[in-house]
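Observations on chain architecture
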Amino acid sequence: MDKENFLLIISSSLQGIIWGANSIIIALYFKSLGLSPLVIGEILGGAILLGSFFSLLWSSLGDAYGRKKFIFVSKGISFVSFILLLFFPFAYLFVNQGYGLISALIAEKSRDLDKSMAYRSSLNVLFSIIGSLLPMFLTFKEIILLDSFVVLISALLLLPIKEKYKGTGKITLRISSFKLLGKLTTESIIGLGAGILLPMLSLWFNLKFDVSASSLSPIYTVSEATLALGTLFSPKIGEALGRIRAIFVTHMIAVFFLFLMPFSSTFVIAGVLYVLRNTTMNLTGPLMSSFVMKAVKEEERGRVSSMLQLLDSIPRSFGPELTGYLFSLGNLSLPFFITGSLYFVATVLFYFFFKDVSYAK
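These lines cover the structure that appears in this document, whether it is placed above or below.

1. Some points on the side chain of S23
By secondary structure assignment, the location of S23 is in helix α2 (residues 15-32). Judged by relative accessible area, which is 14%, S23 ranks as buried. A polar atom in the side chain of S23 sits 2.9 Å from the backbone oxygen of W19. Excluding anything up to four places from it in sequence, S23 contacts S202 and Y220.

2. Regarding the packing of α2 against helix α3 (residues 37-65)
Between two packed helices, both the angle of their axes relative to each other and the distance between the axes serve to describe the pair. Contact geometry for α2 and α3: axes closest at 10 Å, N-to-C directions at 135°. Accordingly, the angle class assigned to the pair α2 and α3 is oblique. In terms of crossing hand, the pair formed by α2 and α3 is right-handed. Contact residues: α2 offers I26, A27, F30 and K31, while α3 offers I40, I43 and L44. Looking at the contact of α2 with α3 residue by residue, the classes come out as six nonpolar, no polar and one charged.

3. Here's the deal with a nonpolar patch on the surface
A contiguous nonpolar patch, built from L145, L146, F149, L152, L156 and L159 and spanning about 510 Å² of accessible area, is present on the exposed surface. Secondary-structure assignment places L145 in helix α7 (residues 140-156). Overall, the relative accessible area of 36% leaves L145 in the partly exposed class.

4. What about the nonpolar core?
Formed by 57 residues in total, the largest nonpolar core has its most connected members in F30, L85, Y92, L201, W204, F205 and L216. Of all the elements, α2 adds the most residues to this core, at ten residues. When neighbours within four sequence positions are excluded, F30 is seen to be in contact with L35, I40, I43, L44, L85, P89 and Y92. Judged by nonpolar contacts, the second largest core, of 33 residues, contains I106, L158, L181 and L308.

What counts as what
- Residues numbered from 1 in each chain as written.
- Predicted model: local features only at pLDDT ≥ 70, side-chain atom pairs only at ≥ 80, totals over all residues.
- Heavy atoms only, no water.
- Helix = DSSP H or I, 4+ residues; strand = E, 2+ residues; numbered from the N terminus.
- Buried < 20%, exposed > 50% of the residue type's maximum accessible area, 1.4 Å probe, protein only.
- Polar contact = N/O pair within 3.5 Å; in protein donor to acceptor, adjacent residues only side chain to side chain.
- Contact = heavy atoms within 4.5 Å.
- Axes fitted to C-alpha atoms, helices over the stretch in contact; angles between N-to-C directions.
- Parallel < 35°, antiparallel > 145°, perpendicular 65-115°, else oblique.
- Left-handed = near helix turned anticlockwise from the far one by under 90°.
- Nonpolar A, V, L, I, M, F, W, Y, C, P; charged D, E, K, R; others polar.
- Patch = residues over 30% accessible without salt bridge, like charges linked within 9 Å, V, L, I, M, F, W, Y side chains within 5 Å.
- Areas by Shrake-Rupley, 256 points an atom, 1.4 Å probe, with all protein chains shown as cover.
- Salt bridge = Lys/Arg side-chain N within 4 Å of Asp/Glu carboxyl O.
- Core = buried A, V, L, I, M, F, W, Y, C linked by side-chain atoms within 4.5 Å.

Written as structure tokens, this is what we have:
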């Protein structure tokens, strides 16, 4: 692996620290400020939606004029937003953006995209282990401050990168891969299911088992460690089963574990099921990323990646508000059944659409 590809992978993987910590603390941080589950859900949902729209904007500009400069713009906004989050909860609306730009750069630099995406995912998860451990040692606000420095460091790592792609010189949302995007509308179903449950999952653990962020930290850490190992083997799984069949099988196993979670009688059982669900649902993520990057033209990679994120995020943004409403009513189980059903339908449709496509093998 050359230096530039290495720096790109490290830079994007550092975001795992933010994900690992914030997936535990953000909902609980907002609760500590006196916000209701419904308002918490509205903030989390709004952040998903706005982040995706900004990502599409930066990706469209990046495809037109080069991606590197707009990575710095998006990271600058994220950095400022994390600082403001220390004082204003609604600053969280702007912390996540710029999803597709680094993926497009990695695709430009990589000689073996499956392996590069697997390394990226595995390192991302390893860094998320560090993030998952932070609530055991730091306060909510200390973690948020650290988040801002992680964004800054990830941006600085990109300074030596020399981008060859110069852009088309024309801003457009039009893409020739529209047929592919149409088939990938299954991501909207996945997004809705994920939005209903995942942003509010730490709050579910808290409400059901009365556990703190520090108690959740070991469960999330084990989950991320298991996933890190799993993603390293994803290229081998893809070779053995084919990309699409591998995604289908692992997702179906994850759905099974998800349906079992609300029946957990203890925190430990729920934690084990969460670990199993998280690993099986996400370990084939690198196969999905490389599949998309190989299927689209170089000049469309940023937009396609962000449009896929938008397909995922628009429905995902409505999920936390629904879950917050259900939690306010005392219903802690229904979100699991809704999410599991949506995952099942999306996985079946995805397999049906792509099982015979040559570039999906």
